[in-house]
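The primary structure of each chain is shown beneath.
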Amino acid sequence: MSQTVGWLRRQLAGVVALLLVLSLFLVARLPTASAAQRDGMASRYAFAPTSIALPGGFPTQTIRKVNKDYRNIAAWISSVGSGVALNDLDGDGLANDLCVTDPRTDQVSITPAPGAGADRYRPFALTNGALPMSRTMAPMGCVPGDFNEDGRIDLLVYLWGRTPIIHLARADAKALDAGAYEAVELVPGAGGSTYTGPLWNTDTAAVDDFDGDGHEDIYIGNYFPDGPVLDDSKDTGVAMNHSMSKGLNGGEDHIFRWTAGTGGARPTVRYAEAAGALPKAVSRGWALASGANDLDGDHLPELYLAHDFGPDRLLYNRSTPGRISFAPVVAPREPFVPKSKRVGADSFKGMGIDFGDLDGDGMYDMFVSNITTSFGLEESHFAFINDARGTADVRRQFRAGVAPFADRSAPLGLAWSGWGWDVKLADFNNSGSLVVAQTTGFVKGEVNRWPQLQELAMSNDQLLSNPLWWPHVVAGDDIGGSQRLHFFAKGAGGRYADLAPELGLDVPVPTRGIAVGDTDGDGRLDFAVARQWDEPVFYHNESPSPGAFLGLRLIRPAAPGDATAGALAAPGSPVVGAQVTVKTPDGRTLLGRVDGGSGHSGKRSQEVHIGLGMKVSGPVPVCLTWRDRGGQVHEQELQLNPGRHTIELGTQALER
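None of the values given here were measured: they were computed from a predicted structure.

## Concerning the overall build of the protein
Phase 1 of the analysis: Along the protein, the regular secondary structure elements total 7 helices and 39 strands.
Phase 2 of the analysis: A globule of 656 residues ought to have a C-alpha radius of gyration of about 26 Å, and the protein, at 24 Å, matches this closely.
Phase 3 of the analysis: Based on the C-alpha atoms only, the size of the protein along its principal axes is roughly 90 × 65 × 50 Å.
Phase 4 of the analysis: Across the 656 residues in the protein, those meeting the buried criterion constitute 61%.
Phase 5 of the analysis: Considering only contacts in the protein between residues 6 or more positions apart, those separated by 24 or more positions represent 65%.
Phase 6 of the analysis: Here the protein carries 58 positive and 75 negative side-chain charges, and the mean point of each set is 5 Å from the other.

Listed below in structure tokens is the structure:
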């Protein structure tokens, strides 16, 4: 008997490995939707693609000028920078204004969403006024928000080669044009005509009230370490990741706490950096995406950081007013669960993050994009499903350092699609079920470089820090260049199917950011997609038989002086972080929130859109939870009919 037990112990590792391979094989053989089933699912959706008008007259490029140390991977360095955001910039009550970052021109453009009202103003590029600039910087993304709290929507632009710029909407603006904004520094001190400040290389930003004081704060996630990445006159001062799985030498992240703001013709805003808010190891990941949301019901948003070269981080919020503090939480080890499928312990290439209730249990889950290309680099995406017994249980486990989430991307049909980037969870036909819309693709060309990339991924980490050892990825090279937009919808059995081919969305062009919003007020979510080194595209939602919906504009009461003279209306300050819970007559719990800018380079509108399904026709109970400007938490239930509503959230909720 003892010999048998000893033999079993010696063979245990092999037995476990065999069981793991068998389980993965069975998961991969899970049934997929038939062509007829896919056609039936697709018949519930319809989208009309339209070009997005952009201002002309700017010099164009097809690849970036980069530091000489990066010249052999110039296309790799040029693989980001295309972004898009939707919001209400002109105060007409609709999220029908686009902010587009375009690497072809390195401009940040404001333009009306296509469709009715597209002639409200001419597309224009933001200008930086008297702020110091240089030729070695480029915009990477745009985050709308009311940063100075005057009721008008401003624009935070983050860049490579510079600290971010906030474009504050002027109260005396007579038209929505370049003169309607005052460009100010997020980080003061970079004076002079030519920029000489810190050379940040920012790829993501998230906005929320991190310390619970009633004012929105800003997270800035940097990718490369500070340095002249886009300066082609230099051959020093830049770096690469030290590891493919534990790269902790990226650019340092920063969190800024709101301290003051004024409106008027020369608006201002001030932030103070929250030193020590992030643990050092956390703040040096290679950040590509970020998302903020209250996951445990304590009215403080957690922060998810999607890191290239792993590990991603889920940060539990332990802040108090005036002091921002986060601590990482990690999913526990379990038999048959690979390390890289655990929250906070993965080694995958995180590039997108969004929150939503994927399994219908009334709690937030998370979807994270990674690299999932067969015969390329086949990791998996993460569909992190919340396994807690409720938000109180989530909070208890967070306090113990545990993340109660398990990846179920494979059984849900969400594990593999390509080189993933931005992702948005949204209900596009008001069925009460979320779609997973995802961008994919890396660099487009003629020469396939996947074999060389595979060699790099398997090489010794000691070689990675020197770009000379990296495979050449220059103009004309291709890595995932024909990958497409994906549109995963849930089937009757709970498994998702990609309907992009049936819906005409699978154009073979690398895509980056997704912006979602109801641009024409018809109750159906439209979306815009930023495409890397190609024109952005707008998809108008023409789904034939949508269900009922709630469209909520949750804004703060106007303060004295907010409505100062000017031709442009002030749409109101969105209550970022406000939570919405709807109970339907058939017992479903539906969630929504005012998102301050989660994702990679796509930012949804700051309205809350919740699909109710086909069976809801009368009023439903809607629970609203928010903080007022003094940081006080409020909770109130309203009975609301399906449709669009504007609600002021002060000390109580009042419909306008």
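## Looking at helix H2 (residues 35-42)
Phase 1 of the analysis: Here H2 has its buried residues at Arg 38, Met 41 and Ala 42. For H2, the arc enclosing every buried residue in end-on projection is 95 degrees, short of the 170-degree limit, so these residues lie on one face.

## Looking at a nonpolar patch on the surface
Phase 1 of the analysis: Taken together, the side chains of Leu 463, Leu 468 and Trp 469 make up a nonpolar region of the molecular surface, amounting to roughly 350 Å² of accessible area.
Phase 2 of the analysis: Within the secondary structure, Leu 463 is located in the loop between helix H6 (450-457) and strand E25 (477-478).

## Looking at the nonpolar core
Phase 1 of the analysis: With 53 residues, the main nonpolar core has Ile 166 and Trp 419 as its most contacted residues.
Phase 2 of the analysis: Leu 552, Val 576, Val 580 and Leu 590 belong to the second-largest nonpolar core, a separate cluster that totals 24 residues.

## Observations regarding the state of the cysteines
Phase 1 of the analysis: Applying the stated rule across the entire model yields 1 disulfide.
Phase 2 of the analysis: Note that Cys 99 is cross-linked by a disulfide to Cys 142, the S-S spacing being 2.2 Å. Taking the sign of the S-S torsion, about 105 degrees here, the bridge from Cys 99 to Cys 142 comes out right-handed. With Cys 99 in strand E3 (residues 97-102) and Cys 142 in strand E6 (residues 138-145), this residue pair connects regions lying 43 residues apart in the sequence.
Phase 3 of the analysis: The class for Cys 142 is buried, based on a relative accessible area of 3%.

## Observations concerning the side chain of Asp 208
Phase 1 of the analysis: Turning to its location among the elements, Asp 208 is positioned in strand E10 (residues 202-208).
Phase 2 of the analysis: No salt bridge forms around the buried Asp 208; measuring N to O, its nearest opposite-charge neighbour Arg 593 is 6.3 Å away.
Phase 3 of the analysis: Contact partners of Asp 208, with chain neighbours within four places excluded, come to His 215, Glu 216, Asp 217, Ala 292, Pro 301, Val 576 and Gly 577.

## Re the domain arrangement of the protein
Phase 1 of the analysis: What the domain assignment lists for the protein is domain 1 (40-541) and domain 2 (548-655).
Phase 2 of the analysis: Inter-centroid distance (C-alpha atoms) of domain 1 to domain 2 is 23 Å.
Phase 3 of the analysis: Taken together, both faces of the contact between domain 1 and domain 2 bury some 4700 Å²; the carbon and sulfur share is 47%.
Phase 4 of the analysis: Note that Glu 149 and Arg 629 form a salt bridge whose closest N and O atoms lie 3.2 Å from each other.
Phase 5 of the analysis: Joining domain 1 to domain 2, the criterion identifies 32 residue pairs in polar contact (both at pLDDT 80 or more).
Phase 6 of the analysis: Sorting the residues of the side of domain 1 that touches domain 2 by element identifies strand E2 (83-87), E6, E10, strand E14 (286-293), strand E18 (352-356), strand E22 (420-426) and strand E28 (511-517) as the ones contributing at least two each.

## Describing the UniProt feature "domain: ASPIC/UnbV" (unreviewed entry) in the protein
Phase 1 of the analysis: This chain's UniProt record puts "domain: ASPIC/UnbV" (unreviewed entry) on residues 576-633.
Phase 2 of the analysis: Within residues 576-633, the helical portion is 0% and the strand portion 47%, while the C-alpha atoms at the span's ends are 13 Å from each other.

## With respect to the pairing of E10
Phase 1 of the analysis: With 7 of 7 residues buried, E10 lies mostly within the body of the structure.
Phase 2 of the analysis: Note: E10 against strand E11 (residues 217-222), 6 bridges, orientation antiparallel. Each bridged residue has a counterpart across the sheet, and for Ala 206 the counterpart in E11 is Tyr 219.

## Remarks on the sheet that holds strand E13 (residues 268-273)
Phase 1 of the analysis: Strands sit in the order E10-E11-E12-E13 across an open sheet of 4 strands; the sheet is antiparallel. This sheet does not close on itself; its edge strands, each paired only once, are E10 and E13. Averaged over all adjacent pairs, the angle separating strand axes in this sheet is 30 degrees, with direction ignored.
Phase 2 of the analysis: As judged from the 6 bridges shared by strand E12 (residues 254-262) and E13, these two strands associate in the antiparallel manner. Within the sheet, the bridge partner assigned to Thr 262 lies in E13 and is Thr 268.

## Section: unusual backbone geometry
Comment: phi is negative for the bulk of residues other than glycine, and the bulk of peptide bonds are trans.
Phase 1 of the analysis: A cis amide bond links Gly 310 with the next residue in sequence, Pro 311, at an omega value of -10 degrees.
Phase 2 of the analysis: Considering the arrangement of structural elements, one finds Pro 311 in the loop between strand E15 (302-308) and strand E16 (313-317).
Phase 3 of the analysis: At Asn 430, a residue that is not glycine, the phi angle is positive and equals roughly 60 degrees.
Phase 4 of the analysis: Within the secondary structure, Asn 430 sits in the loop between E22 and strand E23 (435-440).

What counts, and where the lines are drawn
Starting afresh in each chain, residues are numbered from 1 along the sequence in its written order. Given that the model is predicted, a residue must reach a pLDDT of at least 70 before its local features are reported, and side-chain atom pairs must reach 80 or more before they are shown or counted; all residues, however, enter totals for whole chains, interfaces and linings. Side-chain metrics rest on all non-hydrogen atoms present in the structure, leaving aside hydrogens and water. Here a strand is any run of E in DSSP of at least two residues, a helix any run of H or I of at least four, and the numbering for each starts at the N terminus. Atoms counted for the radius of gyration: C-alpha only. Globule rule: 2.2 Å times the number of residues to the power 0.38. Relative accessibility under 20% of the residue-type maximum defines a buried residue, over 50% an exposed one, and the middle range a partly exposed one, all with a 1.4 Å probe and only protein chains included. Every residue pair with non-hydrogen atoms within 4.5 Å of one another is taken to be in contact. Residues counted as positive are Lys and Arg, residues counted as negative are Asp and Glu, and His and the chain ends are not counted. One atom stands in for each charge, and that atom is NZ of Lys, CZ of Arg, CG of Asp or CD of Glu. The directions from the helix axis to the C-beta atoms form the arc being described. Only residues whose relative accessible area exceeds 30% and that take part in no salt bridge are eligible for patches, with like-charged residues grouped when within 9 Å of each other and nonpolar side chains (Val, Leu, Ile, Met, Phe, Trp, Tyr) grouped when within 5 Å. Using the Shrake-Rupley algorithm and a 1.4 Å probe, accessible areas are obtained, with residue cover drawn only from the displayed protein chains. Every case where a carboxyl oxygen of Asp or Glu lies within 4 Å of a side-chain nitrogen of Lys or Arg is listed as a salt bridge. The set of buried Ala, Val, Leu, Ile, Met, Phe, Trp, Tyr and Cys residues whose side-chain atoms join them within 4.5 Å is what this entry labels a nonpolar core. Note on terminology: disulfide denotes any pair of cysteine sulfur atoms within 2.5 Å. Boundary definitions for the domains trace back to an automatic or database domain assignment. Accessible area, probed at 1.4 Å, shrinks when two parts are joined; the buried area is that loss added up over both. Whenever a nitrogen or oxygen atom comes within 3.5 Å of another N or O atom, the pair is scored as a polar contact, on the condition that within protein one atom can donate a hydrogen and the other can accept it, and that pairs from neighbouring residues in sequence are kept only if both atoms are in side chains. UniProt positions are given in the numbering used here, feature names are shortened, and annotations may be inferred rather than shown by experiment. A strand pair is defined by DSSP finding two or more bridges across the two strands. Working convention: axes come from line fits to C-alpha atoms, limited for helices to the stretch in contact. Angles between N-to-C directions cover 0 to 180 degrees.

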